[in-house]
Amino acid sequence: MTMRRCLATIFILLAGCLSLYAQGDSVVVYPSRHGLEPGAARRTLFALRLPENLPGKTVELTLTLPAHSAIAGCRPGVLLSDSLDVRDPDDYKGRLPYRAVEVTGGYPTLSFEAEPGAVAYIVTDVAEDVLPGSLLSAGLASVRVGEKNLPIKAGNRYGHTAERRVFSVYKPLFVPGDTGSKNFRIPAILKTKSGTLIVAADRRKFNQVDIPEDIDIVIRRSFDDGKNWSGTQFVIEGYGHGHGYGDAALVQAPSGKLVMVFIGGQGLWHSTPEEPMPTYVMTSDDDGATWSEARDITHFLYGKDCPDPVRSRFLSSFCASGQGAVSATGRIMFVAAMRTTKEYKLDNYLIYSDDEGETWQVSDLAYKGGDESKVLPLPDGTILMSIRNPHRNDRIFRVSRDDGATWEELGADAYAGLHDPACNGTPLLVKHQGKSVLLHSLPKGPRSRWDGAIYHYDPATQKWSEPYIVNPGMSAYSDMTLLDNETIGYFVEEDDQMTLTFIALPVADLFR
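Here is a short report on the structure shown in this document. Here the structure is a predicted model, which means the values were calculated and not measured. What you see as residue numbers is a count from 1 along each chain, following the sequence as written. Local features in a predicted model are, by the rule used here, given only for residues with pLDDT of at least 70; side-chain atom pairs are given and counted only at 80 or more, and totals for whole chains, interfaces and linings are based on all residues. Side-chain measures here rest on the full set of heavy atoms in the structure, leaving out hydrogens and waters.

**Here we look at the layout of surface pockets**
1) Next: Of the pockets and cavities examined, the largest pocket occupies roughly 520 Å³.
2) Next: Surrounding the largest pocket, 19 residues form its lining, Gln-323, Gly-324, Leu-376, Pro-377 and Leu-428 being those nearest its centre.
3) Next: At the level of secondary structure, the elements contributing two or more residues to the lining of the largest pocket comprise β14 (183-191), β18 (245-252), β24 (325-326), β28 (373-377), β32 (426-432) and β36 (468-484).
4) Next: Classifying every residue of the lining of the largest pocket gives 12 nonpolar, 5 polar and 2 charged.
5) Next: Cavity and pocket criteria rest on a 1 Å grid covering protein atoms alone: a 1.4 Å probe that fits but cannot get out defines a cavity, protein on both sides within 12 Å along at least 5 of 7 lines defines an open pocket, and an atom within 4 Å of a point defines a lining residue. Grid points are joined across faces, edges and corners, and a volume is the space filled by probe spheres set on the points. In this structure, the second largest pocket encloses a volume near 440 Å³.
6) Next: Residue lining of the second largest pocket: 24 residues in total, with Pro-31, His-34, Val-86, Asn-156 and Asp-495 positioned closest to the centre.
7) Next: Those elements that provide at least two residues to the lining of the second largest pocket are β1 (27-31), β2 (43-49) and β36. In this description a helix means any DSSP run of H or I spanning at least four residues, a strand means any run of E spanning at least two, and both kinds are numbered starting from the N terminus. Ten residue types, Ala, Val, Leu, Ile, Met, Phe, Trp, Tyr, Cys and Pro, are classed as nonpolar, four, Asp, Glu, Lys and Arg, as charged, and the remainder, Gly among them, as polar.

**Side note on the pattern of salt bridges**
1) Next: In what follows, salt bridge is the name for a side-chain nitrogen of Lys or Arg lying within 4 Å of a carboxyl oxygen of Asp or Glu. Enumeration over the complete set of coordinates arrives at 34 salt bridges.
2) Next: As a salt-bridge pair, Arg-87 and Glu-494 come within 3.0 Å of each other at their nearest N and O atoms. Placement of Arg-87 in the loop between β4 (75-81) and β5 (99-101) and of Glu-494 in strand β37 (residues 487-494) is noted, with a sequence separation of 407 residues between them. Accessibility assignment for this pair places Arg-87 and Glu-494 in one class, buried.
3) Next: Salt bridges linked by common partners bring Arg-43, Arg-87, Asp-88, Asp-91, Arg-164, Glu-494 and Asp-495 together as one network. To sort residues, take the accessible area from a 1.4 Å probe on protein chains only and compare it with the maximum for the residue type: under 20% means buried, over 50% means exposed, and anything in between is partly exposed.

**Focus: the packing of aromatic side chains**
1) Next: Pairing of aromatic side chains requires ring centres within 6.5 Å, counting the rings of Phe and Tyr and the six-membered ring of Trp. Pairs whose planes differ by under 30 degrees are stacked, by over 60 edge-to-face, and all others tilted. According to the stated counting rule, one finds 14 aromatic pairs in the structure shown.
2) Next: Aromatic pair Phe-167 and Tyr-170: ring centres 6.2 Å apart, planes at 15 degrees, arrangement stacked. Neither Phe-167 nor Tyr-170 differs from the other in exposure class; each is buried.
3) Next: Look at Phe-334 and Trp-360: their rings are 6.2 Å apart centre to centre, the planes differ by 40 degrees, and that puts the pair in the tilted class. One end of the pair, Phe-334, is in strand β25 (residues 332-339); the other, Trp-360, is in the loop between β26 (347-353) and β27 (361-368), with 26 residues separating them in the sequence. Neither Phe-334 nor Trp-360 differs from the other in exposure class; each is buried.
4) Next: Clustering of aromatic rings is evident, with ring pairs tying together Phe-397, Tyr-415, Tyr-457 and Trp-464.
5) Next: Geometry around Tyr-477 places Arg-185 over its ring, the cationic atom sitting 4.6 Å from the centre.
6) Next: Look at NZ for Lys and CZ for Arg. If either is within 6 Å of the ring centre and within 35 degrees of the ring normal, a charge sits over the ring. Seen from the ring of Tyr-344, Arg-339 lies directly overhead, with NZ or CZ sitting 4.5 Å from the centre.

**Considering the nonpolar core**
1) Next: One finds Phe-46, Leu-48, Val-59, Phe-112, Ile-122 and Leu-140 to be the most contacted residues of the largest nonpolar core, which totals 36 residues.
2) Next: Where this core is concerned, the elements lending two or more residues are β1, β2, β3 (58-64), β4, β7 (109-113), β8 (119-125) and β9 (135-145).
3) Next: Considering each element in turn, this core owes the most residues, 5 residues, to β9.
4) Next: Setting aside residues up to four positions removed in sequence, Ile-122 forms contacts with Arg-43, Thr-44, Leu-45, Phe-46, Leu-48, Leu-61, Gly-77, Val-78, Leu-110 and Phe-112.
5) Next: Core analysis: the second largest hydrophobic core is formed by 27 residues, Val-251, Phe-314, Trp-360 and Val-362 among them. In plain words, nonpolar cores are sets of buried Ala, Val, Leu, Ile, Met, Phe, Trp, Tyr and Cys residues tied together by side-chain atoms within 4.5 Å. In what follows, a contact means two residues having at least one pair of non-hydrogen atoms within 4.5 Å.

Laid out in structure tokens, this is it:
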């Protein structure tokens, strides 16, 4: 190495050290934007990563409190931990260790003792009388230790401002680490005729990856519209790579029987006509308390044992997770995304049963080049199919006028303009001012899965509303159901680590 290169290397190392030194006295702040509910304890406003060279032990924070903030009457606290995570510490059910420390002062100035390098969760106990729809907002104005004001660096896109919306019900139901599983994904929600609320998810034991990973299907149930939930119930358990199950979709047949379809095996892109990835069905006659054995229905759909000569040559198929649908005739329906050629593309077909899941039929081609899709019966008897756009353009819609057997395009302007960042979302009909209104859940995007939102459609103008942001931040798949005529149950994937959260949301809020 030449002298010039040695000197250059030394200068680079010195510059790196100076840069680290310049950052070393900064406080890194991670504001929260998660929802919460009245009466909740120890909800995080900010997580602070304190510097290793903390110039003292007494930390004094000064907050700014916007006029709209509902933080008055809420009690502040500080939890110290060695670990930094994205959710409230108590969401992890003891897996994120912390200790509460004494706090002097109150909003807007708090003081506490901390060690260098600690993570300080600035938390609040939420008052019982805080109204749903309120915002608990605060900005971090300064961090002072001894005589020194420390620089504050933003650790996420929210800068120095926390803003948490109050919902009547906000429940993180499947959090990474629950039941020993590293991850969960793929939300589905259904309210039965007798009032039982059921959520289903993939228990992705070792990572977030799809089948053929080792995955279980799990559910939880609520008998009071989501205020309280049963423990995790294993519906079917995987037993190794290539032997898991996932992508559950639920529907309730007219008799009250629950029908769940899902996949398993070798995965979408490894399936062949000779060895097709199986589609299964399970049923329950007691609102999900117990389930039948899994039954393979692949031969009705595609693969070498399918009697249809065209579909017998298809390579793979899976149904979009979430809710299926029931038409006015009692036909139960799900949308399958089928790989019909060796191209890495999917086409959409409706699969349907007229005998509550015993036998299955497949419609004509609904859309070529689609992905995960849902169907919804409309008041006029037509069936609307909402199709995920794999190209991150507008959502694609098709309609059937013969109970799902055949499909056609709509007018050029009908349902146009709903932006889709290539994600699984859900259409839902609600009543507003005496009329049926179509809603749709999807992340706002625009390119990535960010800001979980609900839109409503105005048939008079043939336009979608601006997005109503329900859960800010990273947000992927979602499903919705009606809890009653005035309230939606919204079940969504939050955060990069994927926590599946249930939120009760007033229908009226969407139209304000």
